[in-house]
Amino acid sequence: MVDEFGPLQLSEARREAIRKLLMESGAVTTRELQARFGVSPITVRRDLEALEQRGTARRTHGGAVLPSVAIPDGSFTQRIERATDAKLRLAEAACNMLSGGETVFLDSSTTAYFIARRITQGSLSLRVITNSGPVMQLLASSEESNVDLYAIGGMLRRLTGSYVGPSSVRMIRDLWADRVFLGVTGVTAGGMLTDTDQLEASVKLAMLEQARESVLLVDASKFAKYGRQAIASLDAVSLVLADGLGDEELDRLRLKGVAVQLVDTPASRRFKARTTTDD
């Protein structure tokens, strides 16, 4: 473990490394920094406080993001800092499903970004296909060479940093994956997966159709709202990885005959906070 009371230059070197991580990925979590640098939570908080004072980071619950003068509501940078614990649990469960040599679609959801970050921390040899600019940047900048990255191009949707449109869909239809991991804006009472954007919904549908197994990542908030664009019915999904679902949400899934794997503990489900993970 690094001595948290060591020379000043050691702290400065670590803070510079954290700053570079933020520039590369847009966000970091306290847990990630503890593991990466072998330091205590107190040391990480001090580092993030120092970076925030310099204007190179903005602290959030559970980590930090790049500072921004104006972040549009619903933007990737804004959404990635919400409900990080749930996203970490979902990402861990998703990565536990993977085997070496698989091809995986990752959509533009912030939860999929957490999966990509978890992939970079492992040693599995994978082929990752994504339309997410932040995921591309994260995987391209990783020092690990075990992941082959295939980028889906198209029109840049600045709000989410994703590539969408007819050319994106055509590229996806020329490919095939073992699994797709995707998030959605919401699930309707009738069991329809939805998104806020028509072009994004088309990309997600194409990924669903071109994967052997499809895995939906949700929390309870997804059953309280939905987007205006339909993606597909719940029965198009092979498995739901879920965090914080109550009996009502579970019953709705069971009525559709969908397999569900809960990633949170019974205690956290009893006392869960009703916060959103967006997508």
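Residues numbered from 1 in each chain as written. Predicted model: local features only at pLDDT ≥ 70, side-chain atom pairs only at ≥ 80, totals over all residues. Heavy atoms only, no water.

In the nomenclature of an unreviewed UniProt entry, the protein is known as Lactose phosphotransferase system repressor of Solirubrobacter ginsenosidimutans. Quoted verbatim from the Function (unreviewed entry) field of the UniProt record, the comment on the protein reads "Repressor of the lactose catabolism operon. Galactose-6-phosphate is the inducer." (UniProt positions renumbered as here; feature names shortened; annotations may be inferred.)

(A) Expanded view of the nonpolar core. Ranked by size, the top nonpolar core spans 33 residues in total, and within it Phe105, Leu193, Leu216, Leu234 and Val240 carry the most contacts. Every element with two or more residues in this core is listed here: α8 (166–173), β9 (177–182), α9 (198–209), β12 (211–219), β13 (229–233), β14 (239–243) and α10 (247–255). The greatest single-element share of this core, amounting to 5 residues, is contributed by α9. Beyond its immediate sequence surroundings of up to four residues, Leu234 is in contact with Val187, Gly191, Leu193, Leu216, Val240, Leu253, Lys256 and Val258. Residues Val104, Tyr113, Ala116 and Leu126 belong to the second largest nonpolar core, which totals 27 residues. (Core = buried A, V, L, I, M, F, W, Y, C linked by side-chain atoms within 4.5 Å. Buried < 20%, exposed > 50% of the residue type's maximum accessible area, 1.4 Å probe, protein only. Helix = DSSP H or I, 4+ residues; strand = E, 2+ residues; numbered from the N terminus. Contact = heavy atoms within 4.5 Å.)

(B) How the structure looks around the sheet that holds β14. Pairing is parallel across the open sheet formed by 7 strands, whose spatial order is β6-β5-β4-β9-β12-β14-β15. The open sheet has two edge strands, β6 (147–151) and β15 (259–262), and neither has a second partner. Averaged over all pairs of adjacent strands, the angle between their axes in this sheet comes to 25°, without regard to strand direction. Alignment of β14 against β15, held across 4 bridges, turns out to be parallel. Pairing of Leu239 across the sheet is with Ala259, part of β15. The sheet strands contacting helix α6 (residues 110–120) are β4 (103–106), β5 (126–130), β6, β9 and β12, and the helix crosses β4 at an angle near 145°. (Pairing = 2+ DSSP bridges. Axes fitted to C-alpha atoms, helices over the stretch in contact; angles between N-to-C directions.)

(C) Structural view of the packing of aromatic side chains. With the rule as written, the count across this model stands at 1 aromatic pair. Their ring planes at 80° and their centres at 6.4 Å tell us that Tyr113 and Phe114 sit as a pair that is edge-to-face. The same class applies to Tyr113 and to Phe114, which are both buried. Above the plane of the ring of Phe114 lies Arg117, whose end atom (NZ or CZ) is 4.6 Å from the centre. The ring of Tyr150 has Arg127 sitting right over it, with the charged end atom 4.2 Å from the ring centre. (Phe/Tyr/Trp six-rings, centres within 6.5 Å; stacked < 30°, edge-to-face > 60°. Lys NZ or Arg CZ within 6 Å of the ring centre and 35° of its normal.)

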